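Fold and geometry: a report
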Amino acid sequence: MSTTAGVAAKPLTRGGPRRDRFGGLVEGWLRGHTLLIYLFLYIPIVVVVVFSFNATNRRVTDWQGFSLRWYESVLSDTVVQGALLNSLIVATSTAIIATIFGTMAALGLQRAPRWFRTPFEALTFISIIVPEIVIALSTLVFFSSAFDVLNPLLDLRLRLGFQTIIAAHALFNISLVMLLVRARLSGMDRTHVEASYDLFATPWRTFRQITFPQLMPAIVAGGLLSFTFSFDDYVITTFVSGAGSTTLPLYVFGTIRKGVTPATNAVAAVMLLITLSVLLVGQFLVWRNARRAGQRGGQASVAGMIAEQSG
Amino acid sequence: MATLARAASVHPVPPRRSFRAGLLTAVLLLPASLWYLVLLVAPLAIVVVMSFGTPSRIGGFDPVFSLDNYSQAFERSTPFVTSLVMAVAGTALCLFTALPLAYFIATRAGRRKSLLIVLLIVPFWTSFLIRTYAWLTILGPDGLGGFIGDLIGDPAFRILGTPAAVLLGLVYGYLPLMVFPIYVTMERMDRGLVEASKDLGAGRLATFRQITLPITLPGLITGSILVFIPLMGEYVIPAILGYGRVFLVGNQLVLQFLEARNWPEGAARAVVLILIMLVSVTFYVWFSNRGRKGREVSVL
């Protein structure tokens, strides 16, 4: 795909039979526009990270030299430690649940009859397209109604907390993993599966040795994206969290109200570091897997899969 | 999909429709189905029922049939109007920003194509909250806001807390969602068409307008929907960059559910929000397809 496009694009830049005088201008504008957009996307990230190293006691932008003091003060703060731990618990659990159930659903859907598949796909679509805030408030309404009924009836003490956050986060992420794995399944080369059956392998063995390794990049990508989604989520978490389950985004949102400080920048930079490294590790794993399988990078990257999905 | 069906039909061992096979399918699908039913269908259903009820105690409701909550929502409809205006403006800005960018990546980037896409994805999946928060420094009195204020000699000049700041945040947050689908349609486009157009003497603009744009239209529509829907329900950006002064539906829903605790009224607004989105998306798709039919035939 990418090589043919690269070759075909060349004659365009030379202008074709009718030379247009604005060719160079348009090319320059396209280039400049692209550069500006990437700056627009990355400058905020750079700003947060740079000013988190500021030694200043006063205004954030008042540069007083490089220092790690805010990281020391923030990371030794027990409130931040607690929030970080909570976030990691929530994100890890969400990622595990979403990856397992999403992959299962993608595999099951292949075998499901049409009467089941159509409404199921509709629900997947709804779970992804409905704005987060609607999911958040309806989940809160649901949990509190359910607890009102169940707690006195069964003598339980269910309340909002980790379990409700994880359950709510998993909804979107199960759909996400399922879509990624399904895309992979439908693009998969069936000949290996057929060969495996021809060689009298059992369905389970075929799955373990042929299907599963081919699905691995999608599963890994789905898991890591679920982790970052859950780790960063504010809206759903703020609705369904309870006492003692404050996550890092909730903590940061609370401190933002008191204004921008180098300390908040340091917490923010830690959050960025965690999500970025998770994404980069995922990208690396998927690339390595693709290279081993002898595919080209484009479609096999996490990015490629998402771009395919939204297209 | 078609290839998948064909591949399945030549499967050497046709999946036996045995009881065990059916059981396995059911087990595979059970957890996800449970999640959808319990955490998607049931909650949305309760919200719809609640929207017709009246508030009882804190957070609760009495299930009667009353339209009071809806008449309240229409009487005080300013947040809806603000949201709609911001969402339309934000979607349009994303569209015009994304189009040249996607075009560049799809036709000019060559081997750096996948790198550029990865560079778009990475910030998109990285701490939405933090990236929004970063603009407080950039636009604040010590940043761009103060700079422009000095330039025009108005010390009271502010960017933060204005619709402009919120709009910038919206475009910043959701631009990649517009770029991906446009990029995918452009990438799949038959480049021969462009060359044919140029060979026939069409200029750069005519080629873009008559070939590239019509082919990319499905991507533009998908992108617009993907951006418009979350913009309508956005809460974090107006809360942070608008100081809550730019008051969107999202802000009001948070207020009613988490602070005022008038859930039935909030539920009615949530239902109205969903209806507005459904209607506008349907209209948009219908409108874009209507103008498209004639040209589609000539392209294919």
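Keep in mind the model is a prediction, meaning the values are calculated, not measured.

This brings us to the overall build of chain A. Helices and strands together make up the secondary structure of chain A, namely 14 helices and zero strands. In chain A, of all internal contacts separated by at least 6 residues, the share reaching a separation of at least 24 is 69%. Carbon and sulfur atoms provide 66% of the accessible area of chain A, an area that totals close to 14800 Å².

Attention now goes to the interface of chain B and chain A. Contact residues are listed per partner, giving 97 residues for chain B and 108 residues for chain A. Taken together, both faces of the contact between chain B and chain A bury some 9400 Å²; the carbon and sulfur share is 76%. Broken down residue by residue, the surface that chain B buries against chain A is led by Y36, W125 and Y133 of chain B, which jointly contribute 9%. One can count one salt bridge joining chain B with chain A. Across the salt bridge formed by R108 of chain B and E27 of chain A, the nearest N and O atoms sit 2.7 Å from each other.

Attention now goes to the pattern of salt bridges. All names here are of chain B. For the structure on display, the rule yields four salt bridges over all chains. As a salt-bridge pair, E187 and K113 come within 2.9 Å of each other at their nearest N and O atoms. With a gap of 74 residues between them, E187 in helix α8 (residues 163–188) and K113 in helix α5 (residues 113–124) connect regions that are remote in the sequence. The exposure class of E187 is buried, given its relative accessible area of 10%. Between E265 and R269 there is a salt bridge whose closest N-O contact spans 3.8 Å. Separated by four residues within a single helix, E265 and R269 lie in helix α13 (residues 263–290), roughly one turn from each other.

All names here are of chain B. Of note, G161 is situated in the loop between α7 (144–152) and α8. Distance in space between the C-alpha atoms of G161 and P238 is 8.3 Å, their sequence separation being 77 residues. The residues contacting G161, other than those within four sequence positions of it, are L241, G242, Y243, R245 and V246.

Nonpolar side chains collect at one region of the surface, where V149, L150, L153, L154, L156 and L158 of chain A lie side by side and expose about 520 Å² of accessible area between them. Note on placement: L150 of chain A falls in helix α6 (residues 132–154).

According to the domain assignment, chain B contains domain 1 (17–45) and domain 2 (78–299). Measuring from the centre of the C-alpha atoms in domain 1 of chain B to the corresponding centre in domain 2 of chain B gives 35 Å.

Glancing now at the environment of A195 of chain A. The residue A195 of chain A is located in helix α8 (residues 191–198) in this model. As a C-alpha pair, A195 of chain A and V60 of chain A span 135 residues in sequence and 63 Å in three-dimensional space.

Take the confidence of the model for chain B next. In low-pLDDT regions, the fine details of the predicted coordinates are not to be read closely. Of all residues in chain B, 90% have pLDDT values of 70 or greater, and the mean over the chain is 84. Under a pLDDT of 50 for its full length, residues 293–300 of chain B has, in the predicted model, two contacts with residues more than four places off or in other chains.

Residue and element names in this part refer to chain B. The N-to-C vectors of helix α3 (residues 68–75) and α13 enclose an angle of 65°; their axes lie 8 Å apart at closest approach. Classed by the angle they form, the pair α3 and α13 counts as roughly perpendicular. When you trace α3 past α13, the crossing you get is right-handed. Residues N69, Y70, Q72 and A73 of α3 pack against P264, E265, A268, R269, V271 and V272 of α13. Partitioned by chemical class, the residues of the contact of α3 with α13 number six nonpolar, two polar and two charged.

Rules used throughout
- Residues numbered from 1 in each chain as written.
- Chains lettered and ligands numbered in written order.
- Predicted model: local features only at pLDDT ≥ 70, side-chain atom pairs only at ≥ 80, totals over all residues.
- Heavy atoms only, no water.
- Helix = DSSP H or I, 4+ residues; strand = E, 2+ residues; numbered from the N terminus.
- Contact = heavy atoms within 4.5 Å.
- Areas by Shrake-Rupley, 256 points an atom, 1.4 Å probe, with all protein chains shown as cover.
- Buried area = accessible area lost by both parts, 1.4 Å probe.
- Salt bridge = Lys/Arg side-chain N within 4 Å of Asp/Glu carboxyl O.
- Buried < 20%, exposed > 50% of the residue type's maximum accessible area, 1.4 Å probe, protein only.
- Patch = residues over 30% accessible without salt bridge, like charges linked within 9 Å, V, L, I, M, F, W, Y side chains within 5 Å.
- Domains from an automatic or database assignment.
- pLDDT = per-residue confidence, 0-100.
- Axes fitted to C-alpha atoms, helices over the stretch in contact; angles between N-to-C directions.
- Parallel < 35°, antiparallel > 145°, perpendicular 65-115°, else oblique.
- Left-handed = near helix turned anticlockwise from the far one by under 90°.
- Nonpolar A, V, L, I, M, F, W, Y, C, P; charged D, E, K, R; others polar.

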